[in-house]
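Structural characterization, general
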Number of protein chains: 2
Amino acid sequence: MHNTPLGPVVPTDRAISALRPLPASAVRLDPAGLLGGWQERNRAATLPHCVDRLHEHGNLDNLHRVTGDFDGPFTGWWFADTDVHKTLEAALWAGNVSSFVAETVPLLEKVQDPDGYLVSYFQAGHRDRQWRELPSSHEMYTAGHLIQAAVAGARTSPADPAVQQLLAVARRFADLLTERFGAGGEDAIDGHPEVETALAELFRVTGHRPYLDLAARFVALRGHGLLGPEGRFGQRAYYQDHRPVREATEVTGHVVRQVYLLAGAVDVAVETGDSELLRATERLWESAQATKTYLTGGQGSRHRDEAFGDPYELPPDRAYTETCAAIGSFQWTWRLLLATGRSRYADELERLLYNGIASGIGVDGRSFFYSNPLQLRTGHDGSDEDAPGRRLPWYKCACCPPNLARLMASLHTYAATGTSSGLQLHLYAPGSFAAAGRAVDVATAYPWDETVTITVTAADDEPWTLTLRVPAWCADARASVNGVPASFVEDGWMRLERVWRPGDRVELVLPMPPRLIAPHPRVDAVRGTAALARGPVVYCLEHADVPTADFEHARSAGGDIPGRDLERTPSTASQDTHTAPADFERTRTARDDAPGAGFERASGVAFEDIRLDLGVPIGVRRDHPLAPVALVVNGDLSAIPYFLWANRGPGPMRVWIPLVPTTPPR
Amino acid sequence: MHNTPLGPVVPTDRAISALRPLPASAVRLDPAGLLGGWQERNRAATLPHCVDRLHEHGNLDNLHRVTGDFDGPFTGWWFADTDVHKTLEAALWAGNVSSFVAETVPLLEKVQDPDGYLVSYFQAGHRDRQWRELPSSHEMYTAGHLIQAAVAGARTSPADPAVQQLLAVARRFADLLTERFGAGGEDAIDGHPEVETALAELFRVTGHRPYLDLAARFVALRGHGLLGPEGRFGQRAYYQDHRPVREATEVTGHVVRQVYLLAGAVDVAVETGDSELLRATERLWESAQATKTYLTGGQGSRHRDEAFGDPYELPPDRAYTETCAAIGSFQWTWRLLLATGRSRYADELERLLYNGIASGIGVDGRSFFYSNPLQLRTGHDGSDEDAPGRRLPWYKCACCPPNLARLMASLHTYAATGTSSGLQLHLYAPGSFAAAGRAVDVATAYPWDETVTITVTAADDEPWTLTLRVPAWCADARASVNGVPASFVEDGWMRLERVWRPGDRVELVLPMPPRLIAPHPRVDAVRGTAALARGPVVYCLEHADVPTADFEHARSAGGDIPGRDLERTPSTASQDTHTAPADFERTRTARDDAPGAGFERASGVAFEDIRLDLGVPIGVRRDHPLAPVALVVNGDLSAIPYFLWANRGPGPMRVWIPLVPTTPPR
């Protein structure tokens, strides 16, 4: 057992590992910065909010039901215990052995069966179904989240009695899994991967090898049809049982299940020295990035089955891009960064954090998106779950809020790594970072400001390397050490090696002019558009900054105005001239022109009519009421960071903005 | 009871009605024409195929189970009886009181409860759930399809004993509904509308007013929350209980339920003289056409909940566009045509028939699409149901095949109408059409050929009007009567009034040069593309005509080749220069250029790389092995009618083709 507080994912010394996580105690994020602010908001708002919702929504009653202290019905999904476990994990990463932990852990021990089983849904009323419905039961998934809570406790407060009790509970469940499903036991897997990485982490905490072996076994058993034959909806991919991980050529099926599985596969690969499996996960990561990942880092193109789509199927409006999927991708990507040290993984962590993850939580810290689309249309049908217009305080399937809480609680541990040769900074935020007697303070207003000032606060007499990530979006990174330029960038890293002295000062400048991003030409859904970004932050236009738009236009007027849809001749009012050459369909004009044109005239400009004019420079605005840095486009429209959308009421939004076509020079 | 064979939808003499259907016996489609050929294929292939599948898939065993003649388990969905009923209906519209009818009707009578109830799932094993799960039970929906089969029998073979037995069975079920749910009874509706139009039709056949009153009551009870509170997935819209029909401003929710409901609402409106309700259905039709209908006439933008999307949410790849939805839209639209006589409804019937409906069935008549997307991507995941690459012989939810069978069996009755003042031709096909002593023969190779020759074969001495629909896609329709030009077009009709003599000959020419269709500028999903059409037929490109495309490219290569997806700089090889001005994102180039470029080079041209060059004329090809008329684009690529796709193996297809941007003149 470690004595130093640690964070998530601490590979053993024997693991394949290019970079090592820093002790949690060696990192501090300043709450004045964006990341530290998020962490503080998590502590002050999100965590208490989650605990309250668990009480309100019956998750704790479900546990009391097993011990006979509550006689109402079971509430929520059969995996409702996992929301308790994730909230426990979040509280423990926050270093906060609160009354919630103190009350809940003894309850869990009381609920647990003598053999270690602990899934309240099946324990009270559904004993006959125990272990019999693995494709859908989430029993191992539930065990996994219990184990991860215990791992968090063991890494942060190992001496605490409640933590020791929780670890014992988790180990009993893990031992039951090992006995029942380990080598020589039943060949079985859970329909929802998650337990793999939990078991690997528990091995790391306890040194008990059978946990790792079981994780490896679960990874190896995938893709052999153990969860039943292919169903109507392509269920084998949904359950991640379609193909062995090391043979798969693309990510597919249910996104959260896929990325959780691959995070577990990396853990298994690095701990067992299985470089072939590690390469398979890297290959899948590259494939996912190349053809199935949104600009926000989000993944999941289909609402149906919460799934990946085909390559290049990336609709902005029906992007499912579940918050949990982004968090799962973050976990997978972090593991690949530790294993390989490749900067593109750190880039992806940053992209996810400032976009696809941050969008999942409102500025109040108490409202959440389950799905994170890149566009909400004028006339959206208003269903909050199926494509949300506003963040909700909780969900019937409440996986995302406590998932955000546990990530935010441990956020500091992802900012930097250490090796014997130095310290590597991946995420730029004000705070302090230390490893093995080497320490720096960071001052910056990143990502709003391009300058990062790093001051060495502790060093030994040996030379070591301060490695700074240079984001791929940054074309002209430069640095100086004590005023002397030192800017060589290689493979996405700036490596500054010397004998450092306390007080040495590095100034890193990551120029972040506003950028226009063109979509990949095969992404049909956003052809003819561009997106705005500045630094790592993707921007969007939303209703509140477009006061002339008639947001309810299509909805209220749709029934009144006859007019053909798809065969309509683009009117001359449309500036989309590149799609309307002279010989285009004009045959409906005579009959439909009047009502069709009326449709345009009736209610002014709808949100969808906004076009981005490339002839107008993009400005920067620092007095926007919501965003520290807004962009100004088309002369007067404010674009805000995507992650800040939907904090000013529901309404249309879009990341990919149609272009005003360039006209031929005269 | 009528003595003349009739088709579906025969409003009473008191109904609001601009046009009257012709007696089924007064219409004959020549099997040498496309529509007549479909009808013949339906008789020879589809109908026997459906009967065989009902035996094979246990639908008949489910009925025998109730009578104790089968002791296996129930098979399929709880509404599996409806596939039997729809096949019965199809057989009866085909005028074919076959052994299937003769065997099945007595079985249904035997299965029926004394009180009239007849839903085999609930009758054997689930008695306790009868009438208790109306949101999902489909009990009235099942009753509706039974009734429609009986209506078909009563209209086509009223004297046949099996038909009389079937009508008695259907009436007993209808009487049970009337007693239980009629005025003074329970306020309740079925989660799946369908019974409304069936009851109205049964009223038309029997003259029994309570059936119509019940249909009116069911329409009026919608939108008041009778099916429970709003659920997680916006279930009230899914069940069509979100808003009263006459107040609704847009079509929404589950598409088939919506269009079936609105077809029933038209029946109720015209039979009760409720012009306000009729106007509401027209308004909803206009709204649907303006913002939620695909180029093929298909409806349903979302796989999830098989639902309409937001206005202008019309993705071609994830178009759900269920075959049954297109058939339901056809039924709704036909009713509006009869009620109003507006040509745009007839135009829509034609569009649906040659595109969104015809695509649902393979050239063999024995394979079917449930979903009819407008694009299938390179690297599609291959699941047949969730976005099909090939038509299947049957489906677990087999609603579509027998729905196609019943439409095709009655297809002749939709080609023309009659009024006291004349005859109206809506669908052009070789055959003969007659009403009230007036008759014409039609000769044409439409839709492949633009000329339609109509010869009067019977006439009286009074002047009457031969009305010819002029499709909205047709800019320069012209006609001659006995060689004398006569071409005045008004409101989409060419009305030729005179004292006709047998042998009088009308030549109608509907010029059909290939057309390029621009998408509505608010349909983001197909911006920067165009579609091809000729006459009423929408065309597509598919794999078999693009031999150089590497269809499995993305799938097989996806894992091997690193390369950023969305932030990739369009290479100079891409012709999509209008999305890549000089100041676009280029920062990833240095790091990713080599592998990114490799992605392009590795495997030649992928299907998605095809661009339509507007500078090249569109040709017509009449020697294509599959299509009587193919179009030739980009000099050598063949485009085939959309409805003929996927008859040559699975592979990529697209209707909307990206444009090669026009370059500035030098």
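Residues numbered from 1 in each chain as written. Chains lettered and ligands numbered in written order. Predicted model: local features only at pLDDT ≥ 70, side-chain atom pairs only at ≥ 80, totals over all residues. Heavy atoms only, no water.

Remarks on the packing of helix α7 (residues 139–156) of chain A against helix α9 (residues 195–206) of chain A
All names here are of chain A. Direction vectors running N to C along α7 and α9 enclose 30 degrees, while the axes themselves pass 8 Å from each other. Between α7 and α9, the interaxial angle falls into the category roughly parallel. The two elements α7 and α9 cross, and the hand of that crossing is left-handed. Of the residues in α9, those touching α7 at Met140, Gly144, Ile147, Gln148, Val151, Ala154 and Arg155 are Val195, Thr197, Ala198, Leu199, Glu201, Leu202, Arg204 and Val205. For the contact of α7 with α9, the residue count by class is nine nonpolar, three polar and three charged. (Axes fitted to C-alpha atoms, helices over the stretch in contact; angles between N-to-C directions. Helix = DSSP H or I, 4+ residues; strand = E, 2+ residues; numbered from the N terminus. Parallel < 35°, antiparallel > 145°, perpendicular 65-115°, else oblique. Left-handed = near helix turned anticlockwise from the far one by under 90°. Contact = heavy atoms within 4.5 Å. Nonpolar A, V, L, I, M, F, W, Y, C, P; charged D, E, K, R; others polar.)

Overview of the pairing of strand β17 (residues 537–542) of chain B
All names here are of chain B. Burial analysis of β17 places six of its six residues in the buried class, which makes it a mostly covered element. In β17, alternate side chains face the same way, and those of Val537, Tyr539 and Leu541 on one face and Val538, Cys540 and Glu542 on the other are all buried. Bridge analysis of strand β16 (residues 529–534) against β17 gives two bridges, and the strand direction is antiparallel. Each bridged residue has a counterpart across the sheet, and for Arg534 the counterpart in β17 is Val537. What sits between the antiparallel neighbours β16 and β17 is a turn of two residues, in which Gly535 has the positive phi angle 60 degrees. (Buried < 20%, exposed > 50% of the residue type's maximum accessible area, 1.4 Å probe, protein only. Pairing = 2+ DSSP bridges.)

Structural notes on the pairing of strand β4 (residues 416–419) of chain B
In the case of a regular strand, side chains alternate between the two sheet surfaces. Residue and element names in this part refer to chain B. In the sheet, strand β1 (residues 20–21) pairs with β4 via two bridges, with the strands oriented antiparallel. Bridging from a neighbouring strand, Pro21 pairs with Thr417 of β4. When β4 meets strand β5 (residues 422–425), the two strands line up antiparallel, connected through four bridges. In the sheet register, Thr417 faces β5, and the bridge partner there is Gln424.

What about the pattern of salt bridges?
Under the counting rule described, the total for this entry stands at 80 salt bridges over all chains. One salt bridge in this structure joins Glu56 of chain B and Arg53 of chain B, with 2.8 Å as the shortest N-O distance. Of the two residues, Glu56 of chain B and Arg53 of chain B both sit in helix α1 (residues 34–56), three residues apart, roughly one turn of that helix. Here Arg302 of chain B and Asp310 of chain B are joined by a salt bridge, their closest N and O atoms 3.6 Å apart. Residues participating in the shared-partner salt-bridge network are Arg155, Glu201, Arg204, Asp267, Glu271 and Arg335 of chain A. (Salt bridge = Lys/Arg side-chain N within 4 Å of Asp/Glu carboxyl O.)

Regarding the environment of Val9 of chain A
Residues and elements named next belong to chain A. Mapped onto the fold, Val9 is located in the segment before β1 (20–21). Sequence separation between Val9 and Gly300 is 291 residues, and the spatial gap between their C-alpha atoms is 25 Å. Beyond its immediate chain neighbours, meaning those up to four positions away, Val9 contacts Pro21, Arg155, Glu201, Arg204, Asp267, Trp334, Arg335 and Leu338.

Considering the environment of Arg621 of chain A
Residue and element names in this part refer to chain A. Turning to its location among the elements, Arg621 is positioned in strand β19 (residues 619–621). It is 6.4 Å that separates the C-alpha atoms of Arg621 and Val632, two residues lying 11 residues apart in sequence. What Arg621 contacts, discounting residues up to four positions off in sequence, is Pro628, Val629, Ala630, Val632 and Ser638. Only 2.6 Å separates the side chain of Arg621 from the side chain of Asp623, close enough to count as a polar contact. (Polar contact = N/O pair within 3.5 Å; in protein donor to acceptor, adjacent residues only side chain to side chain.)

Some remarks on the sheet that holds strand β12 (residues 489–490) of chain A
Residue and element names in this part refer to chain A. Here six strands make up an open sheet; going across it, the order is β1-β4-β5-β9-β13-β12 and the pairing mixed. Both edges of this open sheet fall to β1 and β12, since each of them pairs with a single strand only. Examined bridge by bridge, strand β5 (residues 422–425) and strand β9 (residues 463–469) share four bridges and lie parallel to one another. Directly across from Leu423, in β9, lies its bridge partner Leu466. Against the sheet, helix α15 (residues 343–357) makes contact with β9 and β13 (493–499), and its axis sits at roughly 50 degrees relative to β9, the strand it touches most.

As for the confidence of the model for chain A
Parts of the prediction with low pLDDT should not have their coordinates interpreted in detail. Residues and elements named next belong to chain A. Per-chain confidence: chain A averages 89 in pLDDT, with 88% of residues scoring 70 or above. Predicted confidence for residues 551–604 stays below pLDDT 50, and this span has 133 contacts to residues more than four positions away or in other chains. Scoring of the predicted complex yields 0.91 for pTM and 0.89 for ipTM. (pLDDT = per-residue confidence, 0-100.)

Description of the packing of helix α12 (residues 255–272) of chain B against helix α13 (residues 275–291) of chain B
All names here are of chain B. Direction vectors running N to C along α12 and α13 enclose 150 degrees, while the axes themselves pass 8 Å from each other. Between α12 and α13, the crossing angle belongs to the class labelled roughly antiparallel. As for how α12 packs across α13, the hand of that crossing is left-handed. Residues Leu262, Ala265, Val266, Val268, Ala269 and Val270 of α12 form the contact with α13, whose own contacting residues are Leu277, Leu278, Thr281 and Leu284. Here the contact of α12 with α13 is built from residues that sort into nine nonpolar, one polar and no charged.

Here's the deal with the sheet that holds strand β8 (residues 451–458) of chain B
Strand order in the open sheet formed by seven strands is β2-β6-β7-β8-β14-β10-β11 (chain B), and the pairing between neighbours is antiparallel. This sheet does not close on itself; its edge strands, each paired only once, are β2 (27–29) and β11 (484–485) of chain B.

Some words on empty space enclosed by the protein
Where empty space is left becomes clear once a probe the size of a water molecule has been rolled over the atoms. Residues and elements named next belong to chain B. In this structure, the largest cavity occupies an estimated 190 Å³ of space. For the largest cavity, the lining is made up of 17 residues, of which Pro8, Glu89, Gln148, Gln331 and Arg406 are closest to its centre. Going through the elements one at a time, α3 (81–93), α7 (139–156), α9 (195–206), α12, α14 (323–340) and α16 (400–409) are the ones with two or more residues in the lining of the largest cavity. Each residue belonging to the lining of the largest cavity can be placed in one class, and the counts come to eight nonpolar, four polar and five charged. Considering only residue class, the lining of the second largest cavity consists of six nonpolar, four polar and four charged. (1 Å grid on protein atoms, 1.4 Å probe; cavity = no way out; pocket = protein on both sides within 12 Å on 5 of 7 lines; lining within 4 Å. Points joined across faces, edges and corners; volume = space filled by probe spheres on them.)

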